[in-house]
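Working through the structure, step by step
The chain contents come next:
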Amino acid sequence: MSAGWIAVAGLGPGDEALVTPEVTAALAEATDVVGYIPYVARVAPREGLTLHPSDNRVELDRAGFALDLAAKGRRVVIVSSGDPGVFAMASALFEALEARPDRQQTDIRILPGITAMLAAAARAGAPLGHDFCAINLSDNLKPFAEVERRLRHAARGGFAMAFYNPRSKARPHQFARVLEILRAECEGARLILFARAVSTPDETIRCVTLAEATPEMADMRTVVIVGNEATRRVGRWVYTPRSVPV
Ligand code: SAH
């Protein structure tokens, strides 16, 4: 077997201080870095390291490319933002592996990172302090009707929720629909956090009630956190109690 390997690494939400030492060590040993253009741009170039930035929506090609490089003995880091297992490249790599039985002996490691919702929650206080779920609002890989169905169930189930990919130019109306569904399922005083570009110089954190929320408050650099029924403010913080009254 070749000495090549693949590490699928999460670069965290943006701040260098939130990249784990394990990821930094993998990048230091790598010969190749593969990933979506803005994530590869976060890796410092150095001698002996080839950067392979690629466009959005080519995840499977990128994963297949990484498998081929590793088979040639290269040490490959596939980079994602946040955590690689949260709406990111780790699943894409395993999908590619399913289609490539000849590559299933590849040495693969998944290196976790700090995902956007956890970085955002920490900035605000502890809005995910009780049961919660994460929903990708993009209809790129699932029909929007499924997004709506999961949203309703999560709201009825009493979960706090984190929304990834809340709004893009390609589908500006869908987040308005999400707010409409939430208003039908939850009380108007429900707290919502719009956390944009967390841990970068552009960071903004805004907390409003569901009644005050507007679609323009979110964009593709925003993770949205909807509290549960008990989520409340204390001083400048927002938190969700650890218990539910019986
Ligand atoms: N794997 C990533 C998520 C990729 S999906 C992770 O674990 O964080 C891309 C979405 O993540 C964006 O649309 C946005 O909703 C969210 N996101 C990523 N980085 C963010 C940041 N620094 N601040 C706020 N949201 C972020």
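Just above sits the structure.
This report concerns the structure included in the present document. Computed from a prediction, not measured in an experiment: that's the story for all the values here. (Residues numbered from 1 in each chain as written. Predicted model: local features only at pLDDT ≥ 70, side-chain atom pairs only at ≥ 80, totals over all residues. Heavy atoms only, no water.)

Moving on to the site of the ligand. With respect to spatial proximity, 19 residues lie near the ligand, and among them Asp83, Val86, Thr115, Met220 and Thr222 are the closest. Between the ligand and Ala197, the relevant distance is 3.4 Å, taken from a nitrogen atom to a main-chain nitrogen or oxygen of the residue. The contact in question runs from a nitrogen atom of the ligand to an N or O atom on the backbone of Arg221, over 3.4 Å. Within the complex, the protein chains bury 91% of what would otherwise be the 550 Å² of accessible surface of the ligand. Taking a 2 Å distance to the grid points as the criterion, the majority of the atoms of the ligand fall inside the largest pocket. Residues of the shell around the ligand, tallied by class, amount to 12 nonpolar, 5 polar and 2 charged. No fewer than three residues from each of domain 1 (5-114) and domain 2 (117-239) sit in the shell around the ligand. (Near = heavy atom within 4 Å. Polar contact = N/O pair within 3.5 Å; in protein donor to acceptor, adjacent residues only side chain to side chain. Areas by Shrake-Rupley, 256 points an atom, 1.4 Å probe, with all protein chains shown as cover. 1 Å grid on protein atoms, 1.4 Å probe; cavity = no way out; pocket = protein on both sides within 12 Å on 5 of 7 lines; lining within 4 Å. Sits in = over half its atoms within 2 Å of the grid points. Nonpolar A, V, L, I, M, F, W, Y, C, P; charged D, E, K, R; others polar. Domains from an automatic or database assignment.)

So, about the layout of surface pockets. Its boundaries defined by the atoms lining it, the largest pocket holds a volume of some 1700 Å³. Along its surface, the largest pocket is lined by 47 residues, and Tyr39, Ser81, Phe87, Asn165 and Met220 are the ones closest to its centre. A total of 4 residues in the lining of the largest pocket trace back to one element, the largest contributor, which is helix 4 (residues 89-98). Tallied by class, residues from the lining of the largest pocket come to 21 nonpolar, 16 polar and 10 charged. Residue contributions to the lining of the largest pocket reach at least three from each of two domains, namely domain 1 (5-114) and domain 2 (117-239). Considering the residues around the second largest pocket, the lining is formed by Leu11, Glu16, Val19, Thr24, Leu27, Ala28, Arg42, Val43, Ala44, Arg46 and Leu49. (Points joined across faces, edges and corners; volume = space filled by probe spheres on them. Helix = DSSP H or I, 4+ residues; strand = E, 2+ residues; numbered from the N terminus.)

Tracing the chain through its elements places Glu146 in helix 6 (residues 144-156). The class for Glu146 is buried, based on a relative accessible area of 19%. There is a polar contact of 2.7 Å between the side chain of Glu146 and the side chain of Arg150. (Buried < 20%, exposed > 50% of the residue type's maximum accessible area, 1.4 Å probe, protein only.)

With that settled, consider helix 5 (residues 116-124). An α-helix turns once every 3.6 residues. As a result, residues three or four positions apart point the same way. Among the residues making up helix 5, those that are buried are Met117, Ala119, Ala120, Ala121 and Ala124. Lining the buried residues of helix 5 we find strand 6 (125-126), strand 7 (132-136), strand 8 (160-164), strand 9 (191-196), strand 11 (222-226) and strand 13 (237-239). Phi turns positive, to about 140°, at Gly125, one or two residues after helix 5. (Contact = heavy atoms within 4.5 Å.)

Now for unusual backbone geometry. For Asn165, which is not glycine, the phi dihedral falls at a positive 45°. Along the chain, Asn165 turns up in the loop between strand 8 and helix 7 (174-185). Positive phi, close to 50°, is recorded for Ala197, a residue that is not glycine. Relative to the helices and strands, Ala197 resides in the loop between strand 9 and strand 10 (204-209).

Once that is clear, we can look at the nonpolar core. Residues Met161, Phe163, Phe175, Leu182, Ile192 and Phe194 are the most contacted members of the largest nonpolar core, which totals 25 residues. Of all the elements in the fold, those that place two or more residues in this core are strand 7, helix 6, strand 8, helix 7, strand 9 and strand 11. In this view, Phe163 contacts Ile135, Leu137, Leu151, Phe175, Val178, Leu182, Thr222, Val223, Val224 and Val226; residues no more than four positions away in its chain are not counted. (Core = buried A, V, L, I, M, F, W, Y, C linked by side-chain atoms within 4.5 Å.)

The next thing to look at is the state of the cysteines. According to the stated counting rule, one finds 0 disulfides in the structure shown. With no disulfide partner, Cys186 has as its closest neighbouring cysteine sulfur the one in Cys133, 11 Å distant. Take Cys186: its relative accessible area is 9%, and that puts it in the buried class. Free cysteine Cys207: the closest other cysteine sulfur is in Cys186, separated by 14 Å. (Disulfide = S-S within 2.5 Å.)

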